[in-house]
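# Inside the fold
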Protein chains: 2
Amino acid sequence: MPPAKTDHAARRRDVSEAVWKVMASQGFGGLTLRAVAAQLGASTGLVTHYFPSKQALVAHALAILEERTEQRPRRVPPAEGIAALRTALLDILPLSAPDTVSNRIWVGSWDTALADPQLGADQAARDDRSRARLRRHVEAAQQRGELPADADPERLAVMALAFTHGLVVQALFSPALFPPERQQQLVDDFLAALRAQAVPGAGSAGQGPEMISPL
Amino acid sequence: MPPAKTDHAARRRDVSEAVWKVMASQGFGGLTLRAVAAQLGASTGLVTHYFPSKQALVAHALAILEERTEQRPRRVPPAEGIAALRTALLDILPLSAPDTVSNRIWVGSWDTALADPQLGADQAARDDRSRARLRRHVEAAQQRGELPADADPERLAVMALAFTHGLVVQALFSPALFPPERQQQLVDDFLAALRAQAVPGAGSAGQGPEMISPL
């Protein structure tokens, strides 16, 4: 039997917390009304009161995930430019226990999102926003002379998001290989590579990679 | 009623094909005995004959995925070095329809793998093998003077795998934004950045990124 609660808002928070815990431990594939009820110590009937269908449960799960991601504590944004780009990338990575849980759930949501046109479109739109945010930092860095001025900022934003998402996945599966300091070092290495990259026709940056070869 | 088949091997192939189609269309989260039976036009009882549990079904699904990935047609490996590294990265990307399906299923499997210690360890071991394979190409490229000789080859392999995995995810969700030629161009841009990166103390490559700034 669920504990008697008169506070509807508090009950909703409990339900959301139970959904979160099920996702964190069992993934999106394990997210069922029954699992949420078990986590909550309540009947499936009570959970059905909140989520009439599996789809409603998944929609709520993604809403919690989005909300927690928006509201998570972030690093104090530094001055604009490459330092801000670095901070934005670090903010994505699983550098703390709570960020690891969120990332685990985000990565887990891709399976469901790829199988559902609406959820897939939502994820594509989320990627669009991420690229646009990173691109603003790239453009500021270019204006400050911290990234090659002639490089396509959209391309650098795509590369930065790709690198960071892929690092998230490796770090989630091999946490011992990717402690926070190594993840940070890899971001710095990646940014150094972006800074150093040759851009055809971009003045001093235009020297081809062949010319920088140590041999 | 399932069609009568005397050929056990053929029946197994049909079952595997049905598992593959369910994964491709509904994701790992949609992979159930019932869904496979429906895809096969057979009874759930017949499917239970092959997979006594959900876990056995998932294990078989991952085995098919691994087998198809191993056996997929690959690009003819070019000479060693950075060209071979490039080919290895292109071989991961969703550049064709079948590779898109396989990638969709791989990405979808991460949710299940993150929730199961054994499957998670399997995925970590798979990443280990991918990094080791890329690292061999990196080392050959370094010996040929195509990548900075003083760079840590393991680090470059990690970066290359991260970049490629993350590009897979963006391309799966936004296929119209990432046609094959753009994915290939991004790989080339990434490799150019790796080649150009500054390596402290690596002779001519040792010039810091600050010195290459176009401003």
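Predicted model only: the values in this text are computed from it and were never measured. (Residues numbered from 1 in each chain as written. Chains lettered and ligands numbered in written order. Predicted model: local features only at pLDDT ≥ 70, side-chain atom pairs only at ≥ 80, totals over all residues. Heavy atoms only, no water.)

### Quick word on the nonpolar core
As a rule of thumb, nonpolar side chains are buried together in soluble globular proteins. Judged by nonpolar contacts, the single largest core of 128 residues is most densely connected at V19 and F190 of chain A together with V19 and F190 of chain B. Apart from residues lying up to four places away in sequence, V19 of chain A is in contact with L31, V36, F51, L57, H60, A61 and I64 of chain A. (Core = buried A, V, L, I, M, F, W, Y, C linked by side-chain atoms within 4.5 Å. Buried < 20%, exposed > 50% of the residue type's maximum accessible area, 1.4 Å probe, protein only. Contact = heavy atoms within 4.5 Å.)

### What about the interface of chain A and chain B?
Across the contact, 63 residues belong to chain A and 63 residues belong to chain B. Between chain A and chain B, roughly 5,100 Å² of surface is buried when both sides are summed, and carbon and sulfur atoms account for 65% of that area. On the chain A side of the interface with chain B, the three residues burying the most area are D111, L114 and F173 of chain A, jointly 15% of the side's total. At the boundary of chain A with chain B, the tally comes to four salt bridges. The partner of D111 of chain B in a salt bridge is R104 of chain A, with the nearest N and O atoms 3.5 Å apart. For the interface between chain A and chain B, the tally reads twelve residue pairs in polar contact (both at pLDDT 80 or more). At the level of elements, α1 (8-26), α6 (97-114), α7 (117-143), α8 (153-173), α9 (180-196) and α10 (209-212) of chain A are the ones that each hand at least two residues to the side of chain A that touches chain B. Element by element, the count of residues in the side of chain A that touches chain B is highest for α8 of chain A, at 14 residues. In the side of chain A that touches chain B, the residues fall into 33 nonpolar, 18 polar and twelve charged. (Buried area = accessible area lost by both parts, 1.4 Å probe. Salt bridge = Lys/Arg side-chain N within 4 Å of Asp/Glu carboxyl O. Polar contact = N/O pair within 3.5 Å; in protein donor to acceptor, adjacent residues only side chain to side chain. Helix = DSSP H or I, 4+ residues; strand = E, 2+ residues; numbered from the N terminus. Nonpolar A, V, L, I, M, F, W, Y, C, P; charged D, E, K, R; others polar.)

### Examining empty space enclosed by the protein
Residue and element names in this part refer to chain B. If you walk through the whole model with that rule in mind, you get two cavities of 30 Å³ or more. Here the largest cavity defines a volume of roughly 40 Å³. Around the largest cavity sit L62, W106, S109, A113, L119, D122, Q123 and R126, which together line it. Partitioned by chemical class, the residues of the lining of the largest cavity number four nonpolar, two polar and two charged. (1 Å grid on protein atoms, 1.4 Å probe; cavity = no way out; pocket = protein on both sides within 12 Å on 5 of 7 lines; lining within 4 Å. Points joined across faces, edges and corners; volume = space filled by probe spheres on them.)

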